[in-house]
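Now for the letters of each chain:
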Amino acid sequence: MKMVFKALSNEKLDTLKITRDFLTELDYETIILVPYGVQKIFIFEEGTGHYGVGLWSMDEELDTTYHFLSLEYAQMYASTVVKEAGLTENDIQLITKEVYLFMLRKK
């Protein structure tokens, strides 16, 4: 089962993150969070053979999801966010873990 939660404001994002985390603990398979204001999507390899997907506004990390078992699964997640947020596939970038960590330190 796939569930998509779309935040319609910044104020609702934290509530949706808590809801997502709770449902994940109950073993729901795929829960996709679409933060309000998402403009960039970064896919990166975690270094364990798994992938992460970072959702960003122009200059701020809004949410990151980890432990995708393959690049294909991470791309499917990112594509759903693109569709729900009204973005294009050009808004998805594949980057290294080091670049992603640098972006986190820079903010």
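Above this text you will find the structure in question.
Notes on the structure follow. (Residues numbered from 1 in each chain as written. Predicted model: local features only at pLDDT ≥ 70, side-chain atom pairs only at ≥ 80, totals over all residues. Heavy atoms only, no water.)

## Comments concerning the overall build of the chain
And then number 1: Counting secondary structure elements, the chain contains 3 helices and 6 strands.
And then number 2: From first element to last, N terminus to C terminus, the chain shows the α and β order β-α-β-β-β-β-α-β-α.
And then number 3: Since a compact globule built from 107 residues should have a radius of gyration of about 13 Å, the 13 Å found for the chain is in line with a globular shape.
And then number 4: Considered along the principal axes of its C-alpha atoms, the chain spans approximately 30 × 25 × 25 Å.
And then number 5: Across the 107 residues in the chain, those meeting the buried criterion constitute 37%.
And then number 6: In the chain, the proportion of contacts linking residues at least 24 apart, taken out of those at least 6 apart, comes to 51%.
And then number 7: Each charge class in the chain was averaged separately, 11 positive and 17 negative side chains, and the resulting centres sit 5 Å apart. (Helix = DSSP H or I, 4+ residues; strand = E, 2+ residues; numbered from the N terminus. Rg over C-alpha atoms; globule rule 2.2 N^0.38 Å. Buried < 20%, exposed > 50% of the residue type's maximum accessible area, 1.4 Å probe, protein only. Contact = heavy atoms within 4.5 Å. Lys, Arg positive; Asp, Glu negative; His and termini not counted. Charge placed at Lys NZ, Arg CZ, Asp CG, Glu CD.)

## As for the pairing of strand β2 (residues 30–34)
And then number 1: The buried count for β2 comes to 4 of 5 residues, which makes it a mostly enclosed element.
And then number 2: For the crossover that starts at strand β1 (residues 2–6), traverses helix α1 (residues 10–25) and ends in the parallel β2, the hand is right-handed. (Right-handed = clockwise from strand over helix to strand, strands pointing away.)

## Considering the packing of aromatic side chains
For any pair of aromatic rings, the description rests on two quantities: the centre-to-centre distance and the angle between the ring planes.
And then number 1: Counting across every chain of the model gives 5 aromatic pairs.
And then number 2: For the pair tryptophan 56 and tyrosine 100, a centre-to-centre distance of 6.0 Å together with 85° between the ring planes defines the contact as edge-to-face. With tryptophan 56 in strand β4 (residues 51–56) and tyrosine 100 in helix α3 (residues 97–106), this pair connects stretches of sequence that are 44 residues apart.
And then number 3: For tryptophan 56, a relative accessible area of 4% translates into the label buried.
And then number 4: Through a chain of ring-to-ring contacts, three or more aromatic side chains come together here, namely Phe42, Phe44, Trp56, Tyr66 and Tyr100. (Phe/Tyr/Trp six-rings, centres within 6.5 Å; stacked < 30°, edge-to-face > 60°.)

## A look at unusual backbone geometry
And then number 1: Residues other than glycine seldom take positive phi values, yet histidine 67 does so here, at roughly 75°.
And then number 2: The class of histidine 67 is exposed, set by a relative accessible area of 55%.

## Re the sheet that holds strand β3 (residues 40–45)
Backbone-to-backbone hydrogen bonds join strands into a sheet, with any given pair of strands oriented parallel or antiparallel.
And then number 1: Here 4 strands make up an open sheet; going across it, the order is β5-β4-β3-β6 and the pairing mixed. In this open sheet, the two strands that pair with only one neighbour each are β5 (61–68) and β6 (92–95). The mean inter-strand angle of the sheet, taken between neighbouring strand axes irrespective of direction, is 20°.
And then number 2: Sheet topology note: the β3/β4 ladder contains 6 bridges and is antiparallel. When the bridges of β4 are listed, lysine 40 appears paired with tryptophan 56. (Pairing = 2+ DSSP bridges. Axes fitted to C-alpha atoms, helices over the stretch in contact; angles between N-to-C directions.)

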